[in-house]
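In case you want the letters, here they are:
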Amino acid sequence: MKNLKLSTLFTAVALLFILASCHKDKNVTPVVTPVTDGFYTLNQGLQNDDNSSLSFYSYTTKQPISDIFLSANGRGVGDTGNDIEIYGSKMYIVVNVSSTIEVVDPNTAKSIKQIKMFTGTVAREPRDIAFYKGNAYVTSYDGTVAVIDTATLAITQNITVGSYPEQLTVANGKIYVANSGGLNYPNYDNTVSVIDPTTATVTKTLTVVINPQDITADANGNVYVLSAGNYGTIPSSLAIIDDNTDVVKSQANFDAGVFTVVGSNAYFITNEGGVGVYNTTTQAITKSNFISDGTAITTPFTITADATSGEVFVSDAKNYTSNGSVYVFDKTGKLEYSTTVGVNPGKIALLKK
Amino acid sequence: MATIVQHLIKRFWCKPKCLLLLLLLPLHLFAQKKDTTKNLKEVNVSTSSIPKVQTVTPSQSISSNDFDRYNALTVADAIRDFAGVNIKDYGGIGGFKTVSVRGFGANHTAILYDGIEINDAENGQIDLSKLNLNGVQQVTLYNAQPDDILAAARSFASASVIAIKTIQPNLTANKPYQILAGMNAGSFGLINPYLQWEQRISNTWSFAINSYLENANGHYKFKNTNDGSDTLQTRTNTDVSDQQVDGALYWAKNDSNKFNLHINYYNSDRGLPGAVIDYNPYSDERLWNKNIFLQSGYEHTWNNGLKLLLNTKLSQENIRYLDNDAPGDLIIDDRYNQREFYQSAALAYHLTSNWEASYATDVSFSSLGANAYEYAYPTRFTLLNVLVSKLTLQKWLFEGNLLDTYVTEQVKAGKPTAAKSVLSPTLMATFQPFKSPDILLRAFYKDIFREPTLDEQYYFALNGVSRNVKPEFAKQYDLGFTYRKALNDFLDYITFTADGYYNTITNKIVAIPNQNPVISSIINLGNVRMEGTDAALKTQTQTFDGWRGVLSINYTYQYAIDVTNPGDSYYRDQIPYTPKNIFALNTGVDYNHIGLYYNQLLSSSRYFLSNSDHANYIDGYGVSDLSLIYKFQIDKLPAVISGHINNLFDESYEVVRSFPMPGRSFILSFQITI
């Protein structure tokens, strides 16, 4: 009796040994799905969760792919992907907290090269990317703009700009960088650095309202800088720079958190979560409430447009910790369709055939 | 003959060698007296060490003689296997560990140290890895509240309570001191010597000093499955250096009149490895902690049965967080200091032989300072009053209490939160359905809340914003039974408890990022519904020819879903970090002075964010540990040497996203009692 009970105990323990030793070996085998015609949404994820992802919506299949980067490469985008742009035959994903730039094939999201942005063991934390004459210009939180040759994908130069630069844009043969100083709260920066790409030096520094973040240019010689202010006593403000004389020709309060120029319009998201349109020729707001059919977006996060079709893409971050959406409107502000994306959909890139 | 012996004693009383001679004299010399004393043959009286499971609310306990069997060095290790417990472990020796009981967040569990709460008004979460078991007699987890109705009001003010009881000296005039010296060493470069000194001063006074030093480099290898790497990486910046000294003074005139005083100092300096960021393995964050507290308790029982319990606590905590690797010119050097004064008075009285009532009142002042921009420097005043009633009616036992909580705050800058008062009732009952007292049915209903932390109310609440975060309410309904049987054949005893529960959380406190990336808005948004079962089985065999077997099995089932808004994409999805099934087993055999024990913990998968989808999935895992314990003697002094292997099968897993857990590790322990 006693022996039987002991042996049962030992068999049970042995079974547990076996149970405990089998565990699944997770190896994601990459599967490449070629895509054309559609749009990419870069989802930031949450800082420290390594859950930045790349969604793709195909206009042909009308189906979303939840993380095309992961399926194509067998590894994740990393932590807090902040910007995505297509230039030439490559697509560039700027991953802020992982401090990398993923250069991929725009039709498959398959990795061509991963550029690590480090100074020794200190992460530079890249934010935004812009392109001019075969070079990519990347702002980083270490107060620099890195110049990357898009053919060799090597960093050729580093230019020192202001504090915590965010976005940058190209206009009239020059690079304009918005220096937010944002992480140094409450000691914001309030400058725009103007870079001459031929000498790779800052030729001029302009003063705007504190905490400039979004910077974008139109085809009429204007560079728009949206400053966030201090979220309290100093409200958000829009500065317009003449890209010939490099002078701030106007600075006025402007209710927006996101501002971007596509074609002859600028699209913006107000601080209260509304969507508006600004005409860059007449220099006036043409639609203070773009959405015409009452579609409610919980937390509009990023906005872009298709210059040809006039369609407007607005992402919704919902409660910042769950899956978001992208709403696609026609040029009259009527909702065409919506699709589910990842957490904190921060940037959209349109893939043209 | 007796006179000769007395003469010898007088001449040689101070000479040990001759004392030995005295002892060698035949015993019957001393026994030759004219009165009727007889030397009785020694009889060993022992009962089965059946654990106490028939508490009014579910409880699970682990005592110091079992710490070794579970390889428990901290409170987190001690309660890891308990049913209903889910430890959120950030990995490694210095890794932060918080406890979630029955799906409630860490803020809903109160930790009592000898009856007085270890409070953190700043962020409400106690890091259990900092609570070392050195000097601890017992750790008990109670759902709802502890059994004793003579207790500080704070014991009634949380959804669950973990009660830590320290070792009280049990010394005699013949042996007025005891020294315990030991060392733990092993993987992670761990060196951990400790010393306990208990000393009897007189019939009524004694003291105990517990101290330890811990140093470890904390390094371990891990596998990152997200970044496509094949090789193992190493966790760095994980060093830990901490020390603690606890001095306790005890006075006991008799069992109905006692007093204790503790002074405790804790100091730590550690590296924070941070989350494993894909493609960015560097971290240079550091954390310093300096805590000191003074607490005292006085208990008095009068002849008429009236009992009084007084508790006082004064504490101060200093924290410094430094990030050298912050981008740009930013240097993050955050410093906080927290002070608390706490006083509690409780009275209990038997109104009739079967009706006992108690009343307790607690007063506390917490103040918090931080070097944050435009910090509020809040002071919080909390007043708790609780009335408890316990009635026994034949087979029934009813217990109820009504707790009133009053909280008000003051600030140096900005706006204070409005004062509020909340009434929280609790009802409990037990029923003995059969003649035998072995089976007991129990049920309870508890309506309690957790106060928003000072960080939630004030941290970066700028521009005159008064967050006015409301309390997060937790309602619990429980129904269960306990079965215990002392046996006499193969098994020594068997105990089994099973409880089913239904809990709700309303006004869940959530942090939402603001436009300003540095600050966040804290709001009450969220409803959670939890259903689950906790089952625990404990059994032990009799000792046969020196052989004995032990077995303990715990099972947790938790179905906890978000029911805030049907429009949410995660509506009715399992809430983050809550695995549906957890199974824990501890079994072993001992033969005379050697024991071999095996521990197995199995956890099902969980999600780290609200949506239950592939992107947020964290794999389930199983962790096995093995312990070998050998008790022996060195010059008649009891000693123990033990070896432990943690994560025997080198399982690669993580409990918290981006915080991988260590693989196989070893600890060797040695302890001697003088």
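Throughout this document, residue positions are counted from 1 along each chain, in the order its sequence is written. Starting at A for chains and at 1 for ligands, labels are handed out in the order in which the entities are written. Only residues with pLDDT of at least 70 are given local features in this predicted model, and only at 80 or more are side-chain atom pairs given and counted; all residues enter the totals for whole chains, interfaces and linings. The side-chain quantities take in all heavy atoms of the structure and omit both hydrogens and water.

(A) Structural context of the overall build of chain A. Helix and strand definitions follow DSSP, with helices as H or I runs of at least four residues and strands as E runs of at least two, each counted in order from the N terminus. Scanning chain A from terminus to terminus reveals two helices and 30 strands. Each principal axis of the C-alpha distribution contributes one length, and for chain A these read about 95 × 50 × 45 Å. Each residue's exposure class comes from its accessible area (1.4 Å probe, protein chains only) as a fraction of the maximum for that residue type: buried when under 20%, exposed when over 50%, partly exposed otherwise. Classification of the 353 residues of chain A by burial places 57% in the buried group. Counting every atom, chain A has about 14,000 Å² of accessible surface; 53% of that belongs to carbon and sulfur. Positive charges come from Lys and Arg alone, negative charges from Asp and Glu alone, with His and the N- and C-terminal ends not counted. Lys charges are placed at NZ, Arg charges at CZ, Asp charges at CG and Glu charges at CD. The averaged location of the 30 negative side-chain charges in chain A is 8 Å from the averaged location of its 23 positive side-chain charges. Here, Shrake-Rupley sampling with a 1.4 Å probe gives the accessible areas, and only protein chains in the shown set may cover a residue.

(B) Fine view of the sheet that holds strand β15 (residues 174–179) of chain A. Residue and element names in this part refer to chain A. Pairing between two strands requires that DSSP report at least two bridges joining them. Spatially, β14-β15-β16-β17 is the arrangement adopted by the four strands of the open sheet, whose pairing is antiparallel. In this open sheet, the two strands that pair with only one neighbour each are β14 (165–171) and β17 (201–207). Sheet twist, expressed as the average angle between the axes of neighbouring strands with direction ignored, equals 25°. Alignment of β15 against strand β16 (residues 191–196), held across five bridges, turns out to be antiparallel. When the sheet's bridge partners are listed, Asn 179 is paired in β16 with Thr 191. The axes are straight lines fitted to the C-alpha atoms, using for helices just the contacting stretch, and the angles between their N-to-C directions are given from 0 to 180°.

(C) Representation of the pattern of salt bridges within the structure. Residue and element names in this part refer to chain A. Salt bridges, as used here, are contacts in which a Lys or Arg side-chain nitrogen is within 4 Å of a carboxyl oxygen on Asp or Glu. Within this structure, the stated rule accounts for 32 salt bridges over all chains. When the shortest N-O distance is used, the salt bridge between Arg 75 and Glu 102 registers 2.9 Å. Of the two residues, Arg 75 sits in the loop between α2 (68–73) and β4 (81–87) while Glu 102 sits in strand β6 (residues 100–104), which places them 27 residues apart along the sequence. Judged by relative accessible area, Glu 102 falls into the buried class, the value being 0%. Here Arg 127 makes a salt bridge to Glu 166, at a shortest N to O gap of 2.9 Å.

(D) Geometry of unusual backbone geometry. Residue and element names in this part refer to chain A. Non-glycine residue Asn 48 carries a positive phi angle of around 80°. When you line up the elements, Asn 48 lands in the loop between β1 (38–43) and β2 (53–58). For Tyr 164, which is not a glycine, the phi torsion comes out positive at approximately 45°. Residue position: Tyr 164 is located in the loop between β13 (154–160) and β14.

(E) View of the interface of chain B and chain A. Taken together, the 48 residues of chain B in the interface contact 54 residues of chain A. Note: buried area is the sum, over both parts, of the accessible area (probe 1.4 Å) each one loses when the two are combined. Buried area between chain B and chain A, summed over both chains or domains, comes out near 4,500 Å², and the portion from carbon and sulfur atoms is 59%. Our enumeration of links across chain B and chain A arrives at zero salt bridges. Any pair of nitrogen or oxygen atoms within 3.5 Å is treated as a polar contact; in protein, a donor-acceptor pairing is required on top of that, and neighbouring residues in sequence qualify only through side-chain atoms on both sides. Linking chain B to chain A there are 13 residue pairs in polar contact (both at pLDDT 80 or more). Elements represented by at least two residues in the side of chain B that touches chain A include exactly β25 (509–513), β29 (581–591) and β30 (594–603) of chain B. For the side of chain B that touches chain A, a count of residues per class yields 26 nonpolar, 14 polar and eight charged. Any two residues having at least one pair of non-hydrogen atoms within 4.5 Å are treated as being in contact. Residues are grouped as follows: nonpolar covers Ala, Val, Leu, Ile, Met, Phe, Trp, Tyr, Cys and Pro; charged covers Asp, Glu, Lys and Arg; every other residue, Gly included, is treated as polar.

(F) Geometry of the sheet that holds β13(A). Residue and element names in this part refer to chain A. In spatial order, the strands read β10-β11-β12-β13; together these four strands make up an open sheet with antiparallel pairing. Strands at the two margins of the open sheet, each flanked by one partner only, are β10 (126–132) and β13. Averaged over all neighbouring strand pairs, the angle between strand axes comes to 25°, with direction disregarded. Both β10 and strand β11 (residues 135–140) contribute to a ladder of six bridges, which runs antiparallel. Among the inter-strand pairings, Phe 131 is bridged to a residue of β11, identified as Ala 136.

(G) Summary view of the confidence of the model for chain B. Residue and element names in this part refer to chain B. You can read pLDDT as the predictor saying how much it trusts each residue, on a scale of 0 to 100. The predicted model of chain B has a mean per-residue pLDDT of 90, with 92% of residues at 70 or higher. Per-residue pLDDT, averaged within each element of chain B, yields its smallest value for helix α2 (residues 16–24) (38) and its largest for β30 (97). Counting contacts from residues 1–33, a segment whose pLDDT is below 50, to residues more than four positions away or on other chains yields seven contacts. Both confidence scores are given for the complex: pTM 0.89, ipTM 0.89.

(H) Just empty space enclosed by the protein, in detail. Residue and element names in this part refer to chain B. Put plainly, a pocket is an open set of points on a 1 Å grid over the protein atoms alone with protein on both sides within 12 Å along at least five of seven lines, a cavity is a set where a 1.4 Å probe fits but cannot get out, and a lining residue has an atom within 4 Å of a point. Grid points are joined across faces, edges and corners, and a volume is the space filled by probe spheres set on the points. Applying the stated criterion across every chain, the model contains four cavities of 30 Å³ or more. Volume-wise, the largest cavity comes out at about 800 Å³. Forming the walls of the largest cavity are 41 residues, and the residues nearest its centre are Asp 77, Asp 89, Lys 97, Asn 646 and Met 661. Only α5 (75–79), β2 (85–89), β10 (205–216), β13 (240–254), β14 (257–272), β30, β33 (621–634) and β37 (665–673) provide two or more residues apiece to the lining of the largest cavity. Looking at which element gives the most residues to the lining of the largest cavity, the answer is β2, with four residues. Each residue belonging to the lining of the largest cavity can be placed in one class, and the counts come to 20 nonpolar, 12 polar and nine charged. Of the volumes computed, that of the second largest cavity is approximately 510 Å³. Considering the residues around the second largest cavity, the lining is formed by 29 residues, among which Asn 107, Glu 117, Asn 119, Arg 154 and Glu 451 are closest to the centre. Looking at the lining of the second largest cavity, the elements that each hand over two or more residues are β4 (109–113), β18 (355–370), β19 (379–393), β20 (396–410) and β22 (439–450).

(I) Representation of the environment of B:Asp619 within the structure. Residue and element names in this part refer to chain B. Inspection of the secondary structure puts Asp 619 in the loop between β32 (617–618) and β33. Look at Asp 619 and you get partly exposed, because its relative accessible area is 22%. The sequence separation of Asp 619 and Ser 604 amounts to 15 residues, and the corresponding C-alpha distance is 7.3 Å. A distance of 3.4 Å separates polar atoms of two side chains, one belonging to Asp 619 and the other to Tyr 617.

(J) Spatial organisation of the packing of aromatic side chains. Stacked, edge-to-face and tilted labels apply to pairs of Phe, Tyr and Trp rings (six-membered ring for Trp) whose centres lie within 6.5 Å, assigned for plane angles under 30 degrees, over 60, and everything in between, in that order. Inspection of every chain in the model, using the stated rule, returns 40 aromatic pairs over all chains. Aromatic pair B:Tyr630 and B:Phe632: ring centres 5.3 Å apart, planes at 10°, arrangement stacked. Exposure remark for B:Tyr630: the relative accessible area of 39% places this residue in the partly exposed category. Grouped by ring-pair contacts, the aromatic residues A:Phe39, A:Tyr57, A:Tyr59, A:Phe313 and A:Tyr337 constitute a single cluster. Working rule: Lys NZ or Arg CZ, within 6 Å of ring centre, within 35 degrees of ring normal, means a charge sits over the ring. A cation over a ring is seen here: B:Lys313 above B:Phe293, with NZ or CZ 4.5 Å from the ring centre. Sitting over the face of the ring of B:Trp288, B:Arg320 holds its NZ or CZ atom 4.7 Å from the ring centroid.

(K) Layout of a nonpolar patch on the surface. Residues and elements named next belong to chain B. On the surface, Tyr 177, Trp 197, Ile 209, Val 245, Tyr 265, Ile 292 and Ile 674 cluster together to form a nonpolar patch covering roughly 560 Å² of accessible area. Secondary-structure assignment places Ile 209 in strand β10. Taking relative accessible area as the criterion, Ile 209 reaches 31% and is therefore assigned partly exposed. Surface patches are drawn from residues lacking salt bridges whose relative accessible area is over 30%; two like charges belong together within 9 Å, two nonpolar side chains (Val, Leu, Ile, Met, Phe, Trp, Tyr) within 5 Å.

(L) Structural view of the environment of B:Phe96. All names here are of chain B. The topology assignment puts Phe 96 in the loop between β2 and β3 (97–101). On a C-alpha basis, the gap between Phe 96 and Lys 130 in space is 8.3 Å, while along the polypeptide they are 34 residues apart. Contact partners of Phe 96, with chain neighbours within four places excluded, come to Lys 88, Asp 89, Tyr 90, Gln 125 and Asp 127.

(M) Representation of the nonpolar core. All names here are of chain B. Each nonpolar core is a collection of buried residues, namely Ala, Val, Leu, Ile, Met, Phe, Trp, Tyr and Cys, held together in the definition by side-chain atoms within 4.5 Å. Of all hydrophobic cores here, the largest spans 26 residues; its most connected members are Ile 79, Leu 128, Val 139 and Ile 162. Among the elements of the structure, α5, β2, β3, β4, β6 (136–143) and β7 (160–166) are those that each provide at least two residues to this core. Top contributing element to this core by residue count: α5, with four residues. With 25 residues, the next largest nonpolar core counts Leu 384, Leu 403, Ile 448 and Phe 449 among its residues.

(N) Expanded view of the pairing of strand β16 (residues 307–323) of chain B. All names here are of chain B. As defined by bridge partners, strand β15 (residues 285–301) adjoins β16 across 17 bridges and the pair is classed as antiparallel. Within β16, the residue paired with Thr 301 across the bridge is Lys 307. As judged from the 17 bridges shared by β16 and strand β17 (residues 332–352), these two strands associate in the antiparallel manner. Bridge pairing in β17 links Leu 308 to Leu 347.

(O) Looking closely at the side chain of B:Thr417. All names here are of chain B. With respect to the secondary-structure elements, Thr 417 resides in the loop between β20 and β21 (420–431). Relative accessible area serves as the criterion here: at 6%, Thr 417 is assigned to the buried category. Reaching out from Thr 417, the side chain makes a polar contact with the side chain of Glu 409 at a distance of 2.9 Å.

(P) Molecular detail of the pairing of strand β28 (residues 323–329) of chain A. For β28(A), the buried fraction is high: seven of the seven residues fall into the buried class. In textbook terms, the turn of a hairpin is the stretch between consecutive antiparallel strands, and for β28(A) and strand β29 (residues 335–343) of chain A this stretch comprises five residues, one of which, A:Gly333, has a positive phi near 90°.

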